[in-house]
Number of protein chains: 2
Amino acid sequence: MFRPRTTQEVADIVRACAVEQRRITIQGGLTGLAGGASPDADDVVVSLERLNQIVEFDEIGGTLTVQAGMVLQSVCEHVENAGWYFPLDFGSRGSCQIGGNVSTNAGGNRVLRYGTARELVLGLEVVLPDGQIVSMLNKGLKNNTGIDLKHLFIGSEGSLGLITKVVLRLFPKPEARYSALVGLESFEQVAALLKSARANLPGLSSFEVMWQDYMVAACGAISREVPFNGEHPLYVLLETEGKLSARNENDLQEWLETQIEAEVVADVILPQSGEQAAQLWHIRDAIGELLAGMAPYVAFDVGVPLSKTPDFIHTVRTKLKQSYPQAQSLYFGHLGDGNLHIVTGPYDESVLIDVEALVYDEISAVGGSISAEHGIGRIKKPFLFHSRNAEELGLMRSLKQLIDPDRRFNAGRIYPD
Amino acid sequence: MFRPRTTQEVADIVRACAVEQRRITIQGGLTGLAGGASPDADDVVVSLERLNQIVEFDEIGGTLTVQAGMVLQSVCEHVENAGWYFPLDFGSRGSCQIGGNVSTNAGGNRVLRYGTARELVLGLEVVLPDGQIVSMLNKGLKNNTGIDLKHLFIGSEGSLGLITKVVLRLFPKPEARYSALVGLESFEQVAALLKSARANLPGLSSFEVMWQDYMVAACGAISREVPFNGEHPLYVLLETEGKLSARNENDLQEWLETQIEAEVVADVILPQSGEQAAQLWHIRDAIGELLAGMAPYVAFDVGVPLSKTPDFIHTVRTKLKQSYPQAQSLYFGHLGDGNLHIVTGPYDESVLIDVEALVYDEISAVGGSISAEHGIGRIKKPFLFHSRNAEELGLMRSLKQLIDPDRRFNAGRIYPD
């Protein structure tokens, strides 16, 4: 294992591996959920953990240039201390590295407002599998000078290049966040609420949906009372960002009242403090506690068109119950982005792959994505054909063949053989 | 010239050209500003004008799938009639086609809020130079399933593939727009105003800057009085979108008052009607009228880091004046996005290329972009090295060689020989 401190050291290691015909596994914070960082037996492991310095903080233009091994939480805290904001956020923030976030095109809770990692990256520096350093440290929002090469490396999970530096786009730091939990009676109402929220809440930053069984199970797992006694089939936990003002709180409250009057929303909890809001978010974030009791389980991170979501869930729930009556399936996720999470178990180890196949078949049927945010890695490689057709896979293989003909970087991941 | 109506017809033409070893120039609305659509003598011209139908309008998920030849204004009007909004907008909206917008990664007036065309595209269908149809009609905001191939075709100006369909991301339609024109005394204040606007105006959609000589010249060209008697060195024309409410107008007014109190802003015009606002925007859009009186001129569309903008302008203005005292240079642009426009003239035809070289040398010096939004085409090809280093150009050429080895599509554009 190597832990380089500079781009030049990285390039030297990569070049040495090319000469020695060794394969490389790139490691960041080891928080990925697709098995992309687990090495094969003979792989040289290159860890980015010491490549963690700030290169430049442009406090006028609003950009931060960092080495790829910097931990996400450190990135966020550094800019917040100066009144700026990097909005990428999710549970592993204290361990994951920005290079890993970019190479997997991480999503998280605020994609609805700020986009995925891809939309937050202005420039990159990468080392190619032959050891060449390609510096594309653009800082501008707009730069139309030929092919936008950075997009080859964002979201391709280290398979084409090793990211060594990132130029991040910053935003003004919001003064406050406001959350609300609502209970609804149908998915039609959820979709109506989302459209109204996008139109009426300019600071809308998160729109998370939990189905009833998830809500009840999650509260059970963290030993807290179920809001609304769990009597509604659907729950939305939303968040807005903005100035710290009574007016913003009132705006949110007034909008919620209009949604109650319009019979879109059946019930509302409006937290009166940061702690109360955090308790609600704890329910949404209770995955770890939940999964502990469901093993062996399968966890899905899928993209489903909003209009097809209720039928998709109904079909999957029904088919799973028919084939595996002893297992439960729970549904929740970043529905504002069309990203649905499913956790289902317990199963016998031997049928886990059949459960995956069942769900991914239904994903094909709705033209969805087998991986909305977690990536393909090793785990979803056998199922990639559900979301990518033959022409797409052909073009992907050609690009891999062009840039990494000897399969030096993260071999055996993503590209079906 | 061919005017195909379906993707299959396009693919057939492309395949026939490959067999006959003919080169193709792809044409959309012929509004591009980099000469990318002008054919060589023996080129087969493929016009997208008849490929202009709507494929699917998902009014729940908020996506519109269209054939690439649909005119931008038609796209916008179609979705607005149903309460949705496609925010890409600029002067040529009545002629330009969405396929051209995507292939050039068009920008326009609302990049600050909604991003460039790249951020508004969810999926594509393209025909490759060998005639293969690659369908990537993703509709989800999040889809991490390997390399995101569409980014090869967005902004690469037809050099890698011919776009035949586009899946567009829609937004809720704003009820109203509010504009304000302010006069400021220094660029420091412009930067402070921008940061405050982004933090305090959640509906901020445009932030355009005009330097004094542009303001005076533009008003002269359209025969109107100069706001504030043209006494300020800098002007910002900004726009917010949101609900139609007295409250939104008051919010904008109150915020402007705080900026006056903080001595960021020296003077304000707050239009009381849509027509008054339109008159202000007419000054910003008066390029055509201005250029008529400055020929032979050079028009620049550059990306400059915000913090370096005043020095950049000072240097360019001074150097141009020294070498060409009879010519004027005017500065304005989408400064919220770091995109500066310069128009300068009149010059003797024989020195136009020297004027370009002078400005692009200064762009190199600040690490800027020679093309923020208009693209490279034929016109900026000789200068591409200012914004792309040898490794980037090498990788771009490799990709062109992989996907279009016979240089069938838009030959002679972008890639320096």
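Residues numbered from 1 in each chain as written. Chains lettered and ligands numbered in written order. Predicted model: local features only at pLDDT ≥ 70, side-chain atom pairs only at ≥ 80, totals over all residues. Heavy atoms only, no water.

> Describe the pairing of strand E16 (residues 339–345) of chain A, naming the residues involved and giving the relevant values.
Residue and element names in this part refer to chain A. In terms of burial, E16 is a largely internal element, seven of the seven residues being buried. On E16, burial covers both faces: Asn339, His341, Val343 and Gly345 on one face and Leu340, Ile342 and Thr344 on the other are all buried. The antiparallel pairing of strand E15 (residues 328–334) with E16 creates a hairpin that spans four residues between the two strands, and glycine 338 there sits at a positive phi of about 75°. (Buried < 20%, exposed > 50% of the residue type's maximum accessible area, 1.4 Å probe, protein only. Helix = DSSP H or I, 4+ residues; strand = E, 2+ residues; numbered from the N terminus. Pairing = 2+ DSSP bridges.)

> Can you lay out the packing of aromatic side chains for me, pointing to particular residues and giving the numbers?
Counted under the stated rule, the structure contains 16 aromatic pairs over all chains. Judged by centre distance (5.6 Å) and plane angle (85°), the rings of tyrosine 85 of chain B and tyrosine 114 of chain B are edge-to-face. With a gap of 29 residues between them, tyrosine 85 of chain B in strand E5 (residues 84–85) and tyrosine 114 of chain B in helix H4 (residues 111–114) connect regions that are remote in the sequence. Taken together through their ring pairs, the aromatic side chains of Tyr85, Tyr114 and Phe171 of chain A make up a single cluster. (Phe/Tyr/Trp six-rings, centres within 6.5 Å; stacked < 30°, edge-to-face > 60°.)

> Any details on the relation of the copies chain B and chain A? Residues and values, ideally.
Think of it as a corkscrew move, a rotation about one axis and a shift along it, taking one chain copy to the other. In screw terms, the move from chain B to chain A is a rotation of 180° and a rise of 0.0 Å along the axis, fitting with an RMSD of 0.0 Å. Each copy turns onto its partner about a two-fold axis. When C-alpha distances to the rotation axis are compared across chain B, the minimum falls at proline 202 of chain B, with a value of 2.8 Å. Here 100% of the interface residues in chain B have copies in chain A that are interface residues too; the copies meet face to matching face. (Least-squares fit on C-alpha atoms with pLDDT ≥ 70 in both. Contact = heavy atoms within 4.5 Å.)

> How would you explain helix H8 (residues 212–221) of chain B if you had to name every residue and give the values?
Within the sequence span of H8 of chain B, burial applies to Tyr214, Met215, Ala217, Ala218 and Cys219 of chain B. With its phi angle positive at about 55°, serine 223 of chain B sits one or two positions after the end of H8 of chain B.

> So, the state of the cysteines: which residues are in play, and what are the values?
Scanning all chains against the criterion turns up zero disulfides over all chains. With no disulfide of its own, cysteine 96 of chain B has cysteine 76 of chain B as its nearest cysteine by sulfur position, at a separation of 8.6 Å. (Disulfide = S-S within 2.5 Å.)

> Tell me about the interface of chain B and chain A, and please be specific about residues and values.
If you look at the interface, chain B gives 76 residues, while chain A gives 76 residues. Taking both sides of the interface into account, the surface hidden between chain B and chain A amounts to around 6200 Å²; carbon and sulfur atoms contribute 58%. Among the residues chain B hides against chain A, the three largest losses belong to Lys142, Asn144 and Ile147 of chain B. Together they make up 15% of the total. If you look at where chain B meets chain A, you find eight salt bridges. Between aspartate 337 of chain A and lysine 142 of chain B there is a salt bridge, with the nearest N and O atoms lying 3.4 Å from each other. Linking chain B with chain A are 30 residue pairs in polar contact (both at pLDDT 80 or more), by the criterion used here. Those elements giving two or more residues to the side of chain B that touches chain A turn out to be H4, helix H5 (117–120), strand E7 (133–136), helix H6 (150–153), strand E9 (171–172), helix H7 (187–200), helix H9 (246–261) and helix H14 (390–403) of chain B. Sorting elements by how many residues they give to the side of chain B that touches chain A places H14 of chain B first, with eight residues. Of the residues in the side of chain B that touches chain A, the class split is 32 nonpolar, 27 polar and 17 charged. (Buried area = accessible area lost by both parts, 1.4 Å probe. Salt bridge = Lys/Arg side-chain N within 4 Å of Asp/Glu carboxyl O. Polar contact = N/O pair within 3.5 Å; in protein donor to acceptor, adjacent residues only side chain to side chain. Nonpolar A, V, L, I, M, F, W, Y, C, P; charged D, E, K, R; others polar.)

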